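The residues making up each chain are set out below.
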Amino acid sequence: MTRDRVWLGVLLSVPATAWLAVAFAAPLVVVALLSLQETADPFAALSLVPSFKQFADILGDRYFLGIIAETILLGLGVTVGAVVLGYPLAMWLAGLPPRWRSVAFAVVLIPLLTNVVVRSLGIVLLLAPDGLFNSALRPFGLARPQGYVFTHFAVAIALIQVFLPFMVLSLYDSLANLDGRLKEAAASLGASRARIFFAVTLPLSLQGLRAGVTIVFLLSSTAYVSATILGGKKVWTTGMIVWQEALQNLNAPTAAALAMIMLAWGIAFAFLAERIVRRFSPWLTPEGPRRASLALPAAFERVLVRVADISGQALWHALLALGIFLLLFPLMLVAVQSFNDVPQASVAGFRAFTFKWYAAVFEVGSYLRAFEISAQLAAASVACALALALPAAFVLVRFGYPGRGAVQAFWMLPLALPHVAIGVGMLRLLQWYIAIPPFMGLLLVHVVLIVPFAISLLRSSVLQLDTALEQAAASLGANPVRVFFLIVLPNLAPGLAVAGIIGFLISFGEVTVTSFLTTARLTTLPVRIYAEASFSLEPTVHAVSTLLILATVALLAIVNRFVKLDRVWAK
C-alpha cells in the first residue's frame, strides 16, 4: 500500500466521519454534558462543573427504579420471544430454494420497512376487545372485557412484532453460510434432527444469535412509540419517561441522565452477550479447548434432545406459522380496517364497507402536507447519505490505513446506540443554535440513521466491481475521473438504486428521533400518524397506513428487479 493510497483512503473517510461527528457524536456529548448538570432549570446557565445529582435523584427514586427494572425485564422478554420465533423463520428462509427465497424474504422485509406506528396499530386491532385474540380466548373463559391492549403483554407482543425482523436477518446470515456437509455428516452418523440442531446448527449460528440478541434488546429496551400506543399510559418504559421529561416537562438533565443510564445498560448487555457467546464458541479463541467444559450437562442434554425429537417437528412448524402470522397479520388487519365503517380506529370487527376514510385523507390538507415534508426529507437524506456512503464503501474495500477498523466501527455506531439519546441531544443542540432551520436538524439526524445501512449495501456493490474494466479504460488513456463516471458509476447504478430505496423507506418511516425534532409547521407523516394514534384514534390513520404499506411493497418490488431481496441484507 503506497503512501498516496493511504492518504487517499484517509481523505475519502473524511465526509462520513465529519457528518457523524457533527450529527451523532456531538448530540451524544451534549447528552453526557446535560446529565451532569446540577439543576434541572431549563433557563439555568450551562455548568461545566460535573454533578451526579440527576443520577442520584433517579437511582434514589423508587418510581424511576421500578420503571427501569420493568423496562429491562420487558427488553429481556422481548429478546427471548424474538429468539424463539426467529430461529424457525431464519432456518426456513435459509433452507428454501434460491428461486423462492427472495419472495419469502418479503415476509420479513415488508414489516421491517413499514412504519412502526402502522405495525403497532395492527397489534391494537389484534388485541382489542372484539379482536381476533380476545375472541379466540372467549370459549375458554380467558377473554377480557377490555381486551388485552394497555397491558405489558400487549407491549411485549408489539415489540416482538417490530423487532423480530432484526433477529431473523442476523440469524439468517449465519445459517445461510453454514456448511451443509456438516449436517449431512452428522445425519450419516445417526444423529436425529434435534441432535443436529443442538450439536451443529446452534453452535455455528451463535455469532448471528449474539448480534440479533444485542440488537433486539437494545432497540426494545429503549423503544417508546409502540409502548405508548399499546401501553396507553398504563404501562411505562424508560423511553417514554425520557420523551416526557424532554418534551413535556422540559427537564433535559433528567432526560439526559436517563438516556445515559439506558446507554450504560445497553453497553453492559452487549459486553455480557459477547462474553457468553465466546465462552460457548471455544473454536473462536486460542484457549478454547479449556473452555469447552461449559457445554450442557450430558443428562440434561439427552432429555432435551429426546423431548425435541418427540415434539420438535410440530413445535417448529407451529412457531414458524406463528412468526409469519405475527409479522403479516397486523398489517392485513390495518388494510381491512381502512375500509371498515367504524367510529374509532381501535374498534375491531367489520361493520360495513366504506371508502370515506380514504376520501378524508385527501380532504384533510395536513396529511398531504405531512406527506410532502416526509418525501422531501427522505429524498434529501438519501442524496446526502449516498454521497457520504459511496466513498466510505470504497475505503472499506480498496483502501487501508492505520485505524481504519476504528473508523468503520464509528460509522456503524448509530445502529447500536439508543436513538432516543440522539433525539435528546439534537433537540438541545437545536435549542442552543436556533439559527439552524428545523428541516436541517431533521436532515442531519436522518442521514445519520441511513448512512450505516447505505455503507453496508454499497460495500457489497463495490466488492462486485470488475476492476479489469477500470484497468482497461485507464490503459486506453482515460483519467481517474472519466473512469469513475464512465465505468464505475454505471456499474454501481443498481447498488445505488437499492441503497437509495432502502434509505428512503428508513427515513420516510422514522418516528423515534423525528418526534423530538418536529414542530407544528414541520411534522412528518409518521409523526402525524403517531399523534393521531396516541390521542384521537380516528380511522383515517388506517387509510394512511394502508397507503404506506402499499408504497413499501411497491418499492421493494422495484428493489427486487435490481437485486434479489435475499441478497440485499447479505454481508
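Read on for an overview of the structure.

A short note on the overall build of the chain
Phase 1 of the analysis: Broken down by element type, the chain carries 25 helices and zero strands.
Phase 2 of the analysis: The dimensions of the chain, computed from C-alpha atoms along their principal axes, are 70 × 70 × 55 Å.
Phase 3 of the analysis: In the chain, buried positions account for 50% of the 571 residues.
Phase 4 of the analysis: Put simply, 77% of the contacts in the chain that link residues at least 6 apart link residues at least 24 apart.
Phase 5 of the analysis: Total accessible area on the chain is roughly 26100 Å²; 69% of this is exposed by carbon and sulfur atoms.
Phase 6 of the analysis: Taken together, the 37 basic and 24 acidic charged side chains of the chain have centroids lying 7 Å from each other.

Digging into helix α5 (residues 116-127)
Phase 1 of the analysis: Here α5 contains twelve residues, and its C-alpha end-to-end distance of 17 Å stays within 8% of the 16 Å for a straight helix at 1.5 Å per residue.
Phase 2 of the analysis: Taken across its twelve residues, α5 has twelve buried, putting it largely inside the fold.
Phase 3 of the analysis: Inspection of α5 places Val 116, Val 117, Val 118, Arg 119, Ser 120, Leu 121, Gly 122, Ile 123, Val 124, Leu 125, Leu 126 and Leu 127 among the buried residues, and these make up the whole buried set.

Here we look at the packing of aromatic side chains
Phase 1 of the analysis: Counted according to the given criterion, the structure contains 22 aromatic pairs.
Phase 2 of the analysis: The interplanar angle of 90° and the centroid separation of 5.1 Å between the aromatic rings of Phe 353 and Phe 355 together place this pair among those described as edge-to-face.
Phase 3 of the analysis: Exposure remark for Phe 355: the relative accessible area of 53% places this residue in the exposed category.
Phase 4 of the analysis: For the ring pair Phe 371 and Phe 508, a centre distance of 5.7 Å and an interplane angle of 65° mean the geometry is edge-to-face. With a gap of 137 residues between them, Phe 371 in helix α16 (residues 365-398) and Phe 508 in helix α21 (residues 480-509) connect regions that are remote in the sequence.
Phase 5 of the analysis: Owing to a relative accessible area of 44%, Phe 371 belongs among the partly exposed residues under this scheme.
Phase 6 of the analysis: Among the aromatic residues, ring-to-ring pairing joins Tyr 224, Trp 243, Phe 516 and Tyr 530 into one connected group.
Phase 7 of the analysis: The aromatic ring of Tyr 148 is capped on one face by Arg 144, whose charged end is 5.1 Å from the ring centroid.
Phase 8 of the analysis: Taking NZ or CZ as reference, Arg 528 lies 4.4 Å from the ring centre of Tyr 367, over its face.

A short note on the environment of Ala 259
Phase 1 of the analysis: Tracing the sequence through the fold places Ala 259 in helix α13 (residues 252-279).
Phase 2 of the analysis: If we ignore the near neighbours within four places in the chain, the residues touching Ala 259 are Val 31, Val 242 and Ala 421.

Details of the packing of helix α3 (residues 62-95) against helix α7 (residues 152-176)
Phase 1 of the analysis: Contact geometry for α3 and α7: axes closest at 6 Å, N-to-C directions at 45°. Comparing their axes, α7 and α3 come out oblique. When you trace α3 past α7, the crossing you get is right-handed.
Phase 2 of the analysis: Residue composition of the contact of α3 with α7, by class: 22 nonpolar, four polar and one charged.

Remarks on the pattern of salt bridges
Phase 1 of the analysis: The full count for this structure, using the stated rule, is five salt bridges.
Phase 2 of the analysis: Arg 210 is paired through a salt bridge with Glu 274; the nearest N and O atoms lie 3.2 Å apart. With Arg 210 in helix α10 (residues 206-222) and Glu 274 in helix α13, the pair connects residues that are 64 residues apart, well separated along the chain.
Phase 3 of the analysis: A residue is classified by how much of its surface remains accessible, and Glu 274, at 25% relative accessible area, is partly exposed.

What about the packing of helix α15 (residues 356-363) against helix α24 (residues 540-562)?
Phase 1 of the analysis: With their axes 8 Å apart at the nearest point, α15 and α24 run at an angle of 85° to one another. Here α15 lies roughly perpendicular to α24, going by the angle between them. Taking contact as the criterion, the partners of Trp 357, Tyr 358, Ala 360, Val 361 and Phe 362 in α15 are, on α24, Thr 540, Ala 543, Val 544, Thr 546 and Leu 547.
Phase 2 of the analysis: Its residues placed into classes, the contact of α15 with α24 shows eight nonpolar, two polar and no charged.

A closer look at a nonpolar patch on the surface
Phase 1 of the analysis: Residues Val 336, Phe 350, Phe 353 and Phe 355 make up a contiguous nonpolar surface patch of roughly 440 Å² in combined accessible area.
Phase 2 of the analysis: Inspection of the secondary structure assignment puts Val 336 in helix α14 (residues 298-337).

Section: unusual backbone geometry
Phase 1 of the analysis: Even without being glycine, Phe 150 reaches a positive phi, approximately 60°.
Phase 2 of the analysis: In this structure, Phe 150 sits in the loop between α6 (132-137) and α7.
Phase 3 of the analysis: Even without being a glycine, Leu 250 presents a positive backbone phi close to 50°.
Phase 4 of the analysis: Relative to the helices and strands, Leu 250 is located in the loop between α12 (238-248) and α13.

Quick notes on the side chain of Arg 101
Phase 1 of the analysis: Relative to the elements of secondary structure, Arg 101 occurs in helix α4 (residues 98-112).
Phase 2 of the analysis: Here Arg 101 falls in the buried class, since its relative accessible area comes to 16%.
Phase 3 of the analysis: Only 3.3 Å separates the side chain of Arg 101 from the backbone oxygen of Leu 93, close enough to count as a polar contact.
Phase 4 of the analysis: In this view, Arg 101 contacts Leu 93, Ala 94, Leu 96, Tyr 172 and Asp 566; residues no more than four positions away in its chain are not counted.

A closer look at the nonpolar core
In a soluble, globular protein the nonpolar side chains are often hidden away together inside.
Phase 1 of the analysis: Counting residues in each nonpolar core, the largest one holds 179 residues, and the members touching the most others are Val 117, Leu 230, Trp 411, Phe 516 and Leu 517.
Phase 2 of the analysis: Here Phe 516 is in contact with Tyr 224, Trp 243, Ala 246, Leu 247, Val 420, Gly 423, Val 424 and Leu 427, once residues within four sequence places are set aside.

A look at the side chain of Asn 134
Phase 1 of the analysis: Within the secondary structure, Asn 134 sits in helix α6.
Phase 2 of the analysis: By relative accessible area, which is 0% here, Asn 134 ends up buried.
Phase 3 of the analysis: At 2.7 Å, the side chain of Asn 134 forms a polar contact with the backbone oxygen of Arg 144.
Phase 4 of the analysis: Discounting residues that sit within four places of it in the chain, Asn 134 has contacts with Leu 126, Ala 128, Pro 129, Ala 143, Arg 144, Gly 147 and Tyr 148.

The rules behind each value
- Residues numbered from 1 in each chain as written.
- Predicted model: local features only at pLDDT ≥ 70, side-chain atom pairs only at ≥ 80, totals over all residues.
- Heavy atoms only, no water.
- Helix = DSSP H or I, 4+ residues; strand = E, 2+ residues; numbered from the N terminus.
- Buried < 20%, exposed > 50% of the residue type's maximum accessible area, 1.4 Å probe, protein only.
- Contact = heavy atoms within 4.5 Å.
- Areas by Shrake-Rupley, 256 points an atom, 1.4 Å probe, with all protein chains shown as cover.
- Lys, Arg positive; Asp, Glu negative; His and termini not counted.
- Charge placed at Lys NZ, Arg CZ, Asp CG, Glu CD.
- Expected span 1.5 Å × (residues − 1).
- Phe/Tyr/Trp six-rings, centres within 6.5 Å; stacked < 30°, edge-to-face > 60°.
- Lys NZ or Arg CZ within 6 Å of the ring centre and 35° of its normal.
- Axes fitted to C-alpha atoms, helices over the stretch in contact; angles between N-to-C directions.
- Parallel < 35°, antiparallel > 145°, perpendicular 65-115°, else oblique.
- Left-handed = near helix turned anticlockwise from the far one by under 90°.
- Nonpolar A, V, L, I, M, F, W, Y, C, P; charged D, E, K, R; others polar.
- Salt bridge = Lys/Arg side-chain N within 4 Å of Asp/Glu carboxyl O.
- Patch = residues over 30% accessible without salt bridge, like charges linked within 9 Å, V, L, I, M, F, W, Y side chains within 5 Å.
- Polar contact = N/O pair within 3.5 Å; in protein donor to acceptor, adjacent residues only side chain to side chain.
- Core = buried A, V, L, I, M, F, W, Y, C linked by side-chain atoms within 4.5 Å.

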